[in-house]
Amino acid sequence: LNRSQLVFFVVVYLGLRGASASTAVGTVLPSAFADTRAAANGRRDLSGPRAAYFRLLGEAVPSAEEHFKFDIYPVASDSDVMDVGIFRNGCMDAAMVVQDQIERNDAFKEKPLKFPPEVAASAIFIGLSFGTFLGIKNDDILSGIKFGLSLAVVPPMVVGINNAGGRVYISTEEEAGRRILTDYAGMLSAGADEGFVARASNRGDFGEGKFAPCNGVVGCLDCQFRAAGKYGALPFHLHLRNVSVDPSARRRGVAAALVDAAERRAREEGAGSVTLEVEDSNSGAIALYEKLGYTIDTLGNLNAQSKYGRVVFGRGIMTKLL
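Going along each chain's sequence as written, the residues are numbered from 1 onward. The predicted nature of this model means local features are confined to residues of pLDDT at least 70 and side-chain atom pairs, given and counted, to a pLDDT of 80 or more, with totals for whole chains, interfaces and linings taken over all residues. For side-chain calculations, the full set of non-hydrogen atoms in the structure is used, while hydrogens and water are omitted.

**Comments concerning unusual backbone geometry**
For step 1, the next point in the chain: Of note, Cys 91 is a non-glycine position whose phi angle comes to about 65°, a positive value.
For step 2, the next point in the chain: A positive phi is found at Asn 215, a non-glycine position, where the angle reads about 55°.

**Details of empty space enclosed by the protein**
For step 1, the next point in the chain: Buriedness for pockets is judged along seven lines, at least five of which must meet protein on both sides within 12 Å for an open set on the 1 Å grid over protein atoms alone, while cavities are sets there where a 1.4 Å probe fits but cannot get out, and lining residues have an atom within 4 Å of a point. Grid points are joined across faces, edges and corners, and a volume is the space filled by probe spheres set on the points. Within the structure shown, the criterion is met by 1 cavity of 30 Å³ or more.
For step 2, the next point in the chain: Computed from the structure, the largest cavity encloses a volume of approximately 60 Å³.
For step 3, the next point in the chain: Here a helix means four or more residues in a row that DSSP labels H or I, a strand means two or more in a row labelled E, and each is numbered from the N terminus. Breaking the lining of the largest cavity down by element, the ones donating at least two residues are strand 4 (237–245) and strand 5 (273–279).
For step 4, the next point in the chain: Charged means Asp, Glu, Lys or Arg here, nonpolar means Ala, Val, Leu, Ile, Met, Phe, Trp, Tyr, Cys or Pro, and polar covers whatever is left, Gly included. Counted by class, the lining of the largest cavity contains 4 nonpolar, 3 polar and 3 charged residues.

**Considering the packing of helix 6 (residues 94–110) against helix 10 (residues 173–184)**
For step 1, the next point in the chain: Across the interface, helix 6 lies against helix 10 with an axial gap of 8 Å and an inter-helix angle of 110°. Viewed along their axes, helix 6 and helix 10 adopt a mutual orientation that is roughly perpendicular. The handedness of the crossing between helix 6 and helix 10 comes out as right-handed. Residue-level inspection shows Ala 94, Ala 95, Val 97 and Val 98 of helix 6 in contact with helix 10, the latter providing Glu 173, Ala 176, Gly 177 and Ile 180.
For step 2, the next point in the chain: Grouping the constituent residues of the contact of helix 6 with helix 10 by class yields 6 nonpolar, 1 polar and 1 charged. The axes are straight lines fitted to the C-alpha atoms, using for helices just the contacting stretch, and the angles between their N-to-C directions are given from 0 to 180°. Orientation labels follow simple angle bins: below 35 degrees gives roughly parallel, above 145 gives roughly antiparallel, 65 to 115 gives roughly perpendicular, and whatever is left gives oblique. Handedness of a crossing is defined here by the sense of rotation of the near helix relative to the far one, left-handed for an anticlockwise turn of less than a right angle and right-handed for a clockwise turn. Contacts: residue pairs with any heavy atoms within 4.5 Å of one another.

**Focus on the layout of surface pockets**
For step 1, the next point in the chain: A volume near 850 Å³ is recorded for the largest pocket.
For step 2, the next point in the chain: For the largest pocket, the lining is made up of 27 residues, of which Ala 255, Gly 284, Ala 285, Leu 288 and Tyr 289 are closest to its centre.
For step 3, the next point in the chain: With 7 residues, the single largest contributor to the lining of the largest pocket is strand 4.
For step 4, the next point in the chain: Considering only residue class, the lining of the largest pocket consists of 13 nonpolar, 6 polar and 8 charged.

Honestly, it's all geometry; don't read function into it.
See the structure below:
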C-alpha cells in the first residue's frame, strides 16, 4: 500500500469501529480497589443492581421527604475516590462495566454489521472520485481509476474484520477500574483536587439499589486551592470545579451541604473567597448559588482577562467572600 491507500484504509476502519473499542490508560488503580469493592464486584448477577432504583424515601413512606438522610464526608482514601468515579459513571463499577461490554459484544454477534448496497455504491463512488482526481493530477487517468477501485474494496474488508473479531473491546476489571478513575476522578486520584461526598445515611433503604456500587454516594464536589496571581488578579482562593448531585437527590439540600463543606475547608486554609464557573444559560445553578451568597460576573469580555486570567464567552464566574 502507498501512503494515500494507507490513510484511506485507516480513516474508514476507524470510522466503522467508532467509539466502541475502549482502552485503559492513565491513573494507576488504587490497591484498595480489590478490597473495598470486593463485595460489589463479586456479585456477577448484575441484573439487580442495574435495574433497581435507589429508594431514597423508603418503600413504606414514598412521599415523606424528611426520611431522606445524608451525611457529608471528605474524600480521604483511594476507595472514596473510586466511589466518586463510580457515581459519575452512572453508578456502574468495574464489574458492571465489563458485563456491559460483554452484553454489547454478544448483541453485536447476534446482529452483525451489515454492508448494504447503498454503502457499496457510496464506497465505489468515493473511490472512483478520489482516484480520478489523482489521475488528473498525475496525468494518468487509467491508473487513477484503478487506484480508486482498489480503495472501494476497503470498506467491505473492514466490515468483514469487525464481524469476524467482534466489535466491542472487553476489558479486564482492572482496566475498567483505571478507566473509571481516569475519566471521572482523574484530578482527585492525582491529588490535584480535594473533594467531598454526600452519602445516604439510611442505608437499609438502598442496600441492593442503584447507589450500592458507589457505597451510597448521591452527590460529590471537587475543589482546588489556587494561589494568588495565578488566575488574573484573584487572591488565594478555593475554586469549586465540579458539583454533581443525582437527579433523584436534588432539591433536598445536598448541593448546598457540599458547598458548605467546601467553604469550611476554605476558611481552614485561610482562603478569602470561593469561586466557581457556570454557563450563562444555567439559570437553575445560578439561582442556587446566588441563594448561597455568590455573585456572578461575566467571563465573556476582555476585562475578564485581567480580573480572572481568562476570557470565555457564554460563561460566568461566581464569587463568595468568606
